[in-house]
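Letter by letter, the chains look like this.
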Amino acid sequence: MLKGKIIALDLETNGLDPYHGDRAFCMGLKTNVGEKIYKRVTRESITWLKRMFNDASKTFVFHNAKFDLTMLMMEGIDPFSMKAHFDCTLTMSKVLRSTAQNHDLRTLTVKLLKRDPKDKDDIQTWIKQSTRAFNKEHGRKPGFNDAPEEMVKRRVLWDAESTLMLYQLLKPHVEDVCPHLYETERMLHLVCIDMERTGILIDITKAKQLRDKATKELERLQVDLDALVCPMTIIKKKKRKRKGETYIEEIPEEIISLNPGSSAIHLPAAFTKMGIPLKYRTESKKKSKGQPGRTGGGNWSFDEYAMVRYVSKPLAGVIRESSEEGWSVDKYYREVYRVLKKHKLHKRELLPPLILKHRELSKMISTYYSHLIDDCVDVKITPTGREIGVLHCKFNPSEAMTGRFSVSKPSLQNWPRLLGPRQCVIVRKGRRNWHSDYQQVEMKMFVHFARDKVMAKAISEDIHLTVAAKIYELPKKKVSSEQRKRAKGTNFGIIYGAGAKKIAETLTRKGLPTSEFEGKTLVAGYHRQFPSVRRTTQGLATELRRDGYIVNPFGRRYHIPSSLGYKSLNYMCQGTSADLMKAAMVKIWLWLRKHKLRSKMIMTIHDEIVLEVVRAEEKLVVPKMKELMEDLRSFFVPITVDFKVVSKRWSQKTNPEMEWFKKKVG
DNA sequence: ACAGTTAGCCC
DNA sequence: GTACGGGCTAACTGTC
């Protein structure tokens with residue numbers, strides 16, 4: 001046994017995905033009394049670790065506890081019943097400075113500890129240098145466990161030592177600044193390990209059916225497109241060098257099949273050939289991760305908004321309606337051809353709608369169906385002959401700068417609400433999935449910060465209608481649906497820090513033409529009616545100028561460069577609702593464990609928590625879920641949740657109609 | 001192999 | 001005088 005009470009532990013693994021076979025192969029430990037141990041992962045070393053994990057006087061420190069604990073779980077160590085305490089330096093760094101771009105061990109160590117990263121980097125250098133030779137000999141790329149052991153040992157010990165040093169540096173700050181927030185984030189490691197382990201049940205047979213159907217439809221689209229534009233000449237550009245001078249050579253090429261995904265080469269050629277003059281260009285985009293500045297832009301644009309402007313009105317209507325209502329491909333096809341015929345449109349008008357549908361279908365296949373089919377594990381055949389499997393997504397509790405969750409490999413949070421993929425998520429036997437979402441939670445946070453009484457009253461009714469009535473100075477009954485939509489756009493625009501111009505532009509893009517002047521009118525009316533909003537924004541700006549950061553009610557700090565001060569309000573609204581939900585997740589998870597219930601938390605989508613509840617536990621779990629989520633009395637407006645229930649497929653989410661639910665939850 | 005760009009889905 | 005927020009993934013494209 002190690003003598004030190006504080007033990008930094010790092011693992012080296014042969015990959016990052018424990019649910020597809022990646023495993024730890026060695027460990028490095030460094031303690032507060034100077035012990036420094038390197039071990040291979042073996043039965044003996046795991047038993048040795050297990051003993052210390054059961055010692056309540058010890059603290060294990062990780063950099064990303066979720067990862068290392070998951071890997072250890074795969075070796076037979078139960079992270080949920082360990083007696084030792086654990087801490088996580090990654091989490092510490094994130095709660096102290098959510099908005100930093102990078103919290104990885106190397107960056108923090110170099111920046112905060114000024115430590116030479118050579119021992120960490122050597123292994124990557126080795127991999128880069130030996131990839132070719134290794135691949136030739138073994139037929140695969142080298143991983144960390146193929147590197148010389150001396151090198152691996154130096155790296156894992158460097159990691160453990162750095163982790164311990166970061167712990168000693170950051171722990172006092174965390175205790176000082178936001179101990180409760182840190183505790184929530186710390187517990188969230190266990191919640192996520194558990195959610196990832198549980199996974200989502202997938203109907204693979206269904207996914208295959210939907211994929212095959214989409215593939216057939218894709219082929220039909222391809223035939224139509226090729227008949228329309230091919231053969232066609234495209235121009236490929238290649239940089240050439242001659243006599244020290246570089247020049248661009250344009251090589252014409254005859255193609256017989258259009259690639260609708262090639263927006264730089266094929267699409268401009270196709271439009272030109274069909275006699276549609278190119279008109280619209282892409283806008284430059286903001287850089288990601290809160291970086292100032294813009295990037296890209298200026299190329300020919302073929303997104304949906306451009307496409308609806310390339311076709312005549314009736315056809316544009318078909319495109320819009322289809323994407324708003326989630327039409328089937330058959331219906332879309334029928335309508336496109338019907339409208340074309342009815343209005344005697346030129347056949348060139350087929351090009352944009354066919355490309356759009358092609359894009360949608362190939363996205364469905366490659367982003368959604370193929371993962372559902374390929375990434376599932378524990379695949380089984382049900383008695384009825386269906387293939388089902390489990391999908392273990394990765395939950396990242398603090399990947400986003402604001403404190404929001406993200407999900408990856410694959411992401412569960414961006415599945416289309418109207419189209420196929422959600423049909424493939426099914427419920428385990430004897431259970432139902434209860435989705436409970438915070439109603440209008442970001443709006444509520446906004447009202448909380450603004451402390452606006454009119455909005456507070458309206459938030460439990462129809463906030464967008466109320467705001468529309470105020471802006472347009474009309475009785476609610478006289479507000480048109482377009483006015484309400486514009487008010488809604490303004491509400492979100494204000495929270496996102498938009499100006500009048502951008503609000504008008506966004507509304508227009510969404511199919512609700514709005515002039516810049518009207519945008520200005522909207523925003524002016526908004527501030528006239530709700531002066532509290534400007535006060536709130538200015539208050540945050542003052543705080544930011546004074547401290548260099550702003551801090552949300554849970555103690556999370558946002559360091560925002562003054563040039564990006566307009567983001568303050570959004571970070572506060574988004575981040576506070578994220579922290580609210582995280583606190584609820586931990587409370588629910590702990591409660592389920594304390595009462596040894598079999599119901600499981602399986603996912604979260606920003607303002608929504610999903611539990612897979614055993615039927616016999618429903619009357620106990622569902623009301624408690626509501627109670628724990630709504631137990632937040634310190635806000636200016638009541639925080640409430642709404643339930644939906646799923647008994648078979650995620651796509652069939654309904655309002656709960658059970659008597660006990662109406663009586664107990666209401 | 002890698003980075004930049006576009007596109008499209010979610011809250 | 002100013003500005004829509006936060007994510008993930010895939011495909012294409014040109015450069016190293």
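In the vicinity of DNA strand C, 38 residues are found, and the nearest of them are Ser262, His371, Lys409, Thr506 and Tyr571. Here a base nitrogen of DNA strand C sits 3.2 Å away from a polar atom, N or O, in the side chain of Arg404. Between Tyr566 and DNA strand C, the recorded distance is 3.0 Å, taken from a side-chain N or O atom to a phosphate oxygen. Among the elements that take part in the surface near DNA strand C, helix H13 (residues 351-374) stands out by supplying 4 residues, more than any other. The class makeup of the residues in the surface near DNA strand C is 10 nonpolar, 18 polar and 10 charged.

One open sheet accounts for 5 strands, arranged E3-E2-E1-E4-E5; its pairing is mixed. At either end of the open sheet lies a strand with only one pairing partner, and these are strand E3 (36-40) and strand E5 (85-88). Between one strand axis and the next, the sheet turns by 25° as a mean value, whatever way the strands run. Across the sheet, helix H3 (residues 89-96) touches strand E4 (59-62) and E5, and the angle it forms with E5 is around 50°.

Now for the side chain of Glu349. With respect to the helices and strands, the residue Glu349 is situated in the loop between helix H12 (329-342) and H13. Notably, Glu349 is buried but unbridged: the nearest opposite-charge side chain belongs to Arg348, and the N-O separation is 6.0 Å. A polar atom in the side chain of Glu349 sits 2.9 Å from the backbone nitrogen of Ser312. Setting aside chain neighbours within four positions, we find Glu349 in contact with Val311, Ser312, Leu315 and Leu340.

The subject of this paragraph is helix H14 (residues 441-450). Most of H14 sits inside the fold, with 10 of its 10 residues counted as buried. For H14, the complete set of buried residues consists of Val441, Glu442, Met443, Lys444, Met445, Phe446, Val447, His448, Phe449 and Ala450. One or two residues past the end of H14 sits Arg451, with phi positive at roughly 50°.

Surveying the vicinity of DNA strand B reveals 23 residues, the closest of which are Thr282, Lys285, Thr295, Asn299 and Phe302. Across the atoms of DNA strand B situated within 4 Å of the protein, the share located in sugar and phosphate is 78%. Between DNA strand B and Arg359, the relevant distance is 2.8 Å, taken from a phosphate oxygen to a side-chain nitrogen or oxygen of the residue. Lys363 has a polar side-chain atom sitting 2.8 Å from a base nitrogen of DNA strand B. The leading source of residues in the surface near DNA strand B is H13, at 3 residues. The residue makeup of the surface near DNA strand B, split by class, is 5 nonpolar, 9 polar and 9 charged.

Counted according to the given criterion, the structure contains 46 salt bridges. For Glu618, the salt bridge is made with Arg432, and the minimal N-O distance between the two is 2.6 Å. Residue Glu618 is found in helix H22 (residues 618-630), and its partner Arg432 is found in strand E16 (residues 431-438); the two are separated by 186 residues along the sequence. As far as the burial class goes, Glu618 and Arg432 line up, both buried. One salt bridge in this structure joins Glu627 and Lys624, with 3.2 Å as the shortest N-O distance. Of this pair, Glu627 and Lys624 both sit in helix H22, 3 residues apart, which is roughly one turn of that helix. It is possible to trace a salt-bridge network through shared partners that takes in Lys118, Asp119, Asp122, Glu150 and Arg154.

All right, on to the packing of aromatic side chains then. All chains considered together, the criterion is met by 17 aromatic pairs. Measuring from centroid to centroid gives 5.0 Å for Phe271 and Tyr310, while their planes differ by 65°, and the two rings are edge-to-face. Pair noted here: Phe271 is in helix H9 (residues 266-273) and Tyr310 is in helix H10 (residues 304-310), with a separation of 39 residues, a long-range link. Residue classification places Tyr310 among the buried residues on the basis of a relative accessible area of 10%. Aromatic side chains Trp434 and Phe643 sit 6.1 Å apart centroid to centroid with 75° between the ring planes, which places their arrangement in the edge-to-face category. A residue pair is termed long-range when its members are at least 10 positions apart, and Trp434 in strand E16 and Phe643 in strand E21 (residues 641-646) qualify at 209 residues. On the basis of relative accessibility, which here comes to 3%, the residue Phe643 falls in the buried class. One aromatic cluster is present, formed by Phe271, Tyr280, Phe302 and Tyr310 through successive ring pairs.

The next point concerns the packing of helix H21 (residues 568-594) against H22. Where H21 contacts H22, the axes come no closer than 9 Å and their chain directions differ by 145°. You can see that H21 and H22 cross each other, and the crossing is right-handed. Here H21 contributes Ala584, Lys587, Ile588, Trp591 and Leu592 to the contact with H22, which in turn contributes Leu620, Val621, Lys624, Met625, Leu628 and Met629. By residue class, the composition of the contact of H21 with H22 is 9 nonpolar, no polar and 2 charged.

Turning to the confidence of the model for chain A, a few remarks are in order. Residue-level pLDDT values for chain A average 91, and 98% of them are 70 or greater. For chain A, the element scoring lowest by mean pLDDT is strand E7 (residues 232-242), at 74; E5 scores highest, at 97.

About the criteria used
In this convention, every chain numbers its residues from 1, walking through the sequence in written order. All chains are assigned letters beginning at A, and all ligands numbers beginning at 1, according to the order in which they are written. Totals for whole chains, interfaces and linings use all residues, but because this is a predicted model, local features are given only for residues with pLDDT of at least 70 and pairs of side-chain atoms are given and counted only at 80 or more. The basis for every side-chain value is the complete set of non-hydrogen atoms in the structure, without hydrogens or water. Proximity criterion: a residue is near a molecule or strand once any of its heavy atoms comes within 4 Å of it. Pairing of N or O atoms within 3.5 Å defines a polar contact, subject to two protein rules: one partner must be a possible hydrogen donor and the other a possible acceptor, and residues neighboring in sequence count only if both atoms are side-chain atoms. Runs of H or I in DSSP of at least four residues are treated as helices and runs of E of at least two as strands, each being numbered from the N terminus. Throughout this entry, Asp, Glu, Lys and Arg are counted as charged residues, while Ala, Val, Leu, Ile, Met, Phe, Trp, Tyr, Cys and Pro are counted as nonpolar. The remaining residues, Gly among them, count as polar. Two strands qualify as a pair provided DSSP detects at least 2 bridges between them. What counts as an axis is a line fitted to C-alpha atoms, over the stretch in contact for a helix, and the angles between N-to-C directions run from 0 to 180 degrees. Two residues qualify as a contact provided that any one of their heavy atoms is within 4.5 Å of a heavy atom in the partner residue. Only protein chains enter the accessibility calculation, which uses a 1.4 Å probe; a residue whose area is less than 20% of its type maximum is buried, one above 50% is exposed, and one in between is partly exposed. Working convention for charge: Lys and Arg count positive, Asp and Glu count negative, and His plus the chain ends are omitted. Salt bridges, as used here, are contacts in which a Lys or Arg side-chain nitrogen is within 4 Å of a carboxyl oxygen on Asp or Glu. Working definition: a ring pair exists when centres of Phe, Tyr or Trp rings (six-membered ring for Trp) sit within 6.5 Å. Plane angles under 30 degrees give stacked, over 60 give edge-to-face, the rest tilted. Each crossing gets its hand from how the near helix is turned against the far one by less than a right angle, where anticlockwise is left-handed and clockwise is right-handed. You can read pLDDT as the predictor saying how much it trusts each residue, on a scale of 0 to 100.

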